[in-house]
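Listed here are the chains, written in short residue letters.
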Amino acid sequence: MGNPGLPLDLSCVNNVHINLSAIQSKAADLQNSRPLKDEHRAAWLLKAVTCIDLTTLSGDDTASNVSRLCLTAFRPLPETLLNTLGFEYSEKCPIHTAAVCVYPAKVPCAVNTIRKFGKSCNIKVASVATGFPSGQMAFHTRLEEIKDAVKMGATEIDIVIDRSLVLTGQWEALYCELKEMKSACGSKAHMKSILATGELDNLTNVYKASMIAMMAGSDFIKTSTGKEALNATIPFGIVMCRAIKDYHMRTGHKVGLKPAGGIKTSKDALAWLVMVKEILGDSWLTPELFRIGASGLLTDIEQDLQQYVMA
């Protein structure tokens with residue numbers, strides 16, 4: 001079941017105070033923690049693979065490179081490498097990425113390619129929408145883009161919020177927009193709300209935007225479009241995780257986290273996994289509640305695993 005949301009309650013955002021030094025200290029502790037080694041590191045890296053939203057959001061995307069992306073999502077690592085690690089590609093051992101993420105126009109190609117893998121394949125098709133990456137299109141156009149993507153077969157919609165509503169403190173307007181976007185997703189698609197954290201001015205706004213997005217029914221909150229100057233950082237992640245935890249304690253509903261933008265190395269991915277485990281717990285370490293939006297991360301994970309098996 002997705003997140004049904006809550007009636008708007010501004011008490012959740014009116015008296016928020018973020019201790020910047022405490023967040024920075026926590027981030028430093030996480031990033032300087034004892035590194036994972038050997039088979040433990042390999043296991044965590046395989047977990048990271050299953051949580052990736054494999055992404056292509058380029059102006060020169062074609063049907064052929066979207067199809068190749070889907071094939072990579074279905075078989076993300078060389079079979080010989082996987083066998084050496086003690087696994088194999090099978091229905092009982094579904095080593096594949098969680099989703100592919102594309103522009104709305106490329107959704108039919110992604111859907112058709114993934115269908116060829118068979119009914120047992122559970123790779124989701126995610127589509128960005130609502131005037132990605134700026135979110136500055138007319139509101140009715142943004143809603144229609146969601147509906148079109150869902151109609152074409154997307155089962156997850158990565159919407160972008162209007163950052164100006166955060167920067168000017170228009171929380172009710174933001175809530176109402178997101179409620180309508182959730183409604184446009186219908187019952188067939190989960191909504192991931194991209195906050196564009198690097199453009200929200202401060203961590204207090206990151207917490208407030210996170211809480212408003214969850215109250216409006218977001219199934220995931222996502223750091224970035226990947227197009228901002230400042231994208232996914234651990235301090236942003238800590239604040240968003242705290243908001244998710246607060247929302248869960250209040251409602252009993254679990255909302256997912258998706259960092260995206262600038263996560264390119266195994267070390268980056270492991271830092272996010274460890275952070276989620278420490279703040280939210282093991283139950284969040286599944287593709288249902290944690291995703292990593294990335295395009296080049298998989299290559300670095302493969303190289304890391306190759307070094308491990310050759311050691």
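These numbers come from a predicted model, not from an experiment.

Novice: Even after reading the chapter, I still don't get the packing of aromatic side chains, so can you show me in this structure?
Specialist: Summed over all chains, the structure comprises two aromatic pairs. Ring geometry for Phe74 versus Phe117: centroids 4.1 Å apart, planes at 5°, classification stacked. Residue Phe74 is found in helix H4 (residues 63-74), and its partner Phe117 is found in the loop between helix H6 (107-115) and strand E3 (124-129); the two are separated by 43 residues along the sequence. For Phe74, a relative accessible area of 19% gives the class buried. Summarising the aromatic geometry, the rings of Tyr103 and Phe132 are spaced 6.0 Å apart at their centres and angled 75° between planes, so their arrangement reads as edge-to-face. Placement of the pair is Tyr103 in the loop between strand E2 (99-102) and H6 and Phe132 in the loop between E3 and helix H7 (139-151), with a sequence separation of 29 residues. According to the relative accessible area criterion, Tyr103 is partly exposed, its value standing at 25%. When its relative accessible area of 12% is taken as the criterion, Phe132 is described as buried.

Novice: What is the right way to look at the pattern of salt bridges in this model?
Specialist: Working definition: two side chains of opposite charge can pair if their charged atoms are close together. Tallying each qualifying case throughout the model produces 16 salt bridges. For Glu177, the salt bridge goes to Arg142, with nearest N and O atoms at 3.2 Å. Taken together, the positions of Glu177 in helix H9 (residues 171-185) and Arg142 in helix H7 put the pair 35 residues apart, joining distant regions of the chain. We note that Glu177, like Arg142, is buried. Because the salt bridges share partners, they merge into one network encompassing Asp53, Glu156, Asp158, Lys192, Lys222, Lys258 and Arg291.

Novice: Teacher, can you tell me more about the environment of Glu278 here?
Specialist: Inspection of the secondary structure puts Glu278 in helix H12 (residues 266-279). Since its relative accessible area comes to 49%, Glu278 is described here as partly exposed. Expressed as a C-alpha distance, the spacing of Glu278 and Glu177, which sit 101 residues apart in the sequence, is 33 Å. In contact with Glu278, other than residues within four places in its own chain, are Lys26 and Leu30.

Novice: Mind showing me how you'd approach the packing of helix H10 (residues 203-215) against helix H11 (residues 234-251) here?
Specialist: Between two packed helices, what matters for the description is the angle formed by their axes and the separation of those axes. Look at H10 against H11: their axes get within 9 Å of each other, and the N-to-C directions meet at 40°. If you check the angle between H10 and H11, you find them oblique. For the pair H10 and H11, the sense of crossing is right-handed. Between H10, through Leu203, Val206, Tyr207, Ser210, Met211, Met214 and Met215, and H11, the contact on the second element is made entirely by Pro235, Phe236, Val239, Met240, Arg242, Ala243, Ile244, Asp246 and Tyr247. Looking at side-chain class alone, the contact of H10 with H11 contains 13 nonpolar, one polar and two charged residues.

About the criteria used
- Residues numbered from 1 in each chain as written.
- Predicted model: local features only at pLDDT ≥ 70, side-chain atom pairs only at ≥ 80, totals over all residues.
- Heavy atoms only, no water.
- Phe/Tyr/Trp six-rings, centres within 6.5 Å; stacked < 30°, edge-to-face > 60°.
- Helix = DSSP H or I, 4+ residues; strand = E, 2+ residues; numbered from the N terminus.
- Buried < 20%, exposed > 50% of the residue type's maximum accessible area, 1.4 Å probe, protein only.
- Salt bridge = Lys/Arg side-chain N within 4 Å of Asp/Glu carboxyl O.
- Contact = heavy atoms within 4.5 Å.
- Axes fitted to C-alpha atoms, helices over the stretch in contact; angles between N-to-C directions.
- Parallel < 35°, antiparallel > 145°, perpendicular 65-115°, else oblique.
- Left-handed = near helix turned anticlockwise from the far one by under 90°.
- Nonpolar A, V, L, I, M, F, W, Y, C, P; charged D, E, K, R; others polar.

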